[in-house]
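Examination of the molecular architecture
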Amino acid sequence: MRKKVLFLLIISLALLEAAPAFAKKKKAPTPTPVPAASPNLAAMQKALRFYVYEKSSDVVNDVTGLFDSKSQKITLKCELKNQTPKEIHGARGTLRFTTLFGEFIADIYIESTTVLPPGQVVGINWDVPTDRLSADAFDKLKKAKLEQIKQTWYPSMVVFTDGTVLK
């Protein structure tokens, strides 16, 4: 009798150990954290406004004319506005796209050395090829309508022409 109880106890423990492997759900991948720890984040966001006003997708033609899924790109038409009294010489940061409900779509790293006079707006086109994003993020961003997504600019550095830097 003791042997049966011991045998059933061992089998039960083995099944309990194996059960969580079947019951575990896959967690959704979390996006990379945005550098929000900078004490100057608000000052950088106030100094330089970065906004995408148009989004389109296209295929990059190669010499042979053959279609390759890796030759797709998303073109983002952006505007940068210097909201300071000083000339801006360059900026770095991350542009995060989410749904209106806050679900992550994609992060795009941005670096520009475009000179922005005080109070002026400059337009820039950014091409985002498939190798800059995961396949899933690229498809989500390509299919999403610009009016139905939220974009948040997280600058990490703003460089002024006079040599001062906001980090």
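Residues numbered from 1 in each chain as written. Predicted model: local features only at pLDDT ≥ 70, side-chain atom pairs only at ≥ 80, totals over all residues. Heavy atoms only, no water.

All right, on to the sheet that holds strand β3 (residues 88-99) then. Sheet strands line up and pair through hydrogen bonds in the backbone, either parallel or antiparallel. In spatial order, the strands read β4-β3-β6-β7; together these four strands make up an open sheet with antiparallel pairing. If you trace the sheet from one side to the other, it starts and ends with β4 (104-112) and β7 (165-166), each paired once. Bridge analysis of β3 against β4 gives eight bridges, and the strand direction is antiparallel. Each bridged residue has a counterpart across the sheet, and for Arg-96 the counterpart in β4 is Asp-107. (Pairing = 2+ DSSP bridges. Helix = DSSP H or I, 4+ residues; strand = E, 2+ residues; numbered from the N terminus.)

Tallied over the full model, the rule gives one aromatic pair. Between Phe-50 and Trp-153 the ring centres are 4.8 Å apart and the planes differ by 20 degrees, which places this aromatic pair in the stacked class. Of this pair, Phe-50 sits in strand β1 (residues 48-59) while Trp-153 sits in strand β6 (residues 149-160); the two residues are 103 residues apart in sequence, bridging distant segments of the chain. The side chain of Lys-86 reaches across the aromatic face of Phe-160, ending 4.4 Å from its centre. (Phe/Tyr/Trp six-rings, centres within 6.5 Å; stacked < 30°, edge-to-face > 60°. Lys NZ or Arg CZ within 6 Å of the ring centre and 35° of its normal.)

Moving on to the nonpolar core. Phe-50, Val-52, Leu-76, Phe-97, Ile-108, Leu-133 and Leu-141 are the most contacted members of the largest nonpolar core, which totals 32 residues. At the level of elements, α2 (41-47), β1, β2 (72-82), β3, β4, β5 (121-129), α3 (135-143) and β6 are the ones that each hand at least two residues to this core. (Core = buried A, V, L, I, M, F, W, Y, C linked by side-chain atoms within 4.5 Å. Buried < 20%, exposed > 50% of the residue type's maximum accessible area, 1.4 Å probe, protein only.)

This part takes up the pattern of salt bridges. Per the counting criterion, the structure on display carries seven salt bridges. A salt bridge links Lys-73 to Asp-127; the nearest nitrogen and oxygen atoms lie 3.6 Å apart. Note that Lys-73 is positioned in strand β2 and Asp-127 in strand β5, a separation of 54 residues in sequence. (Salt bridge = Lys/Arg side-chain N within 4 Å of Asp/Glu carboxyl O.)

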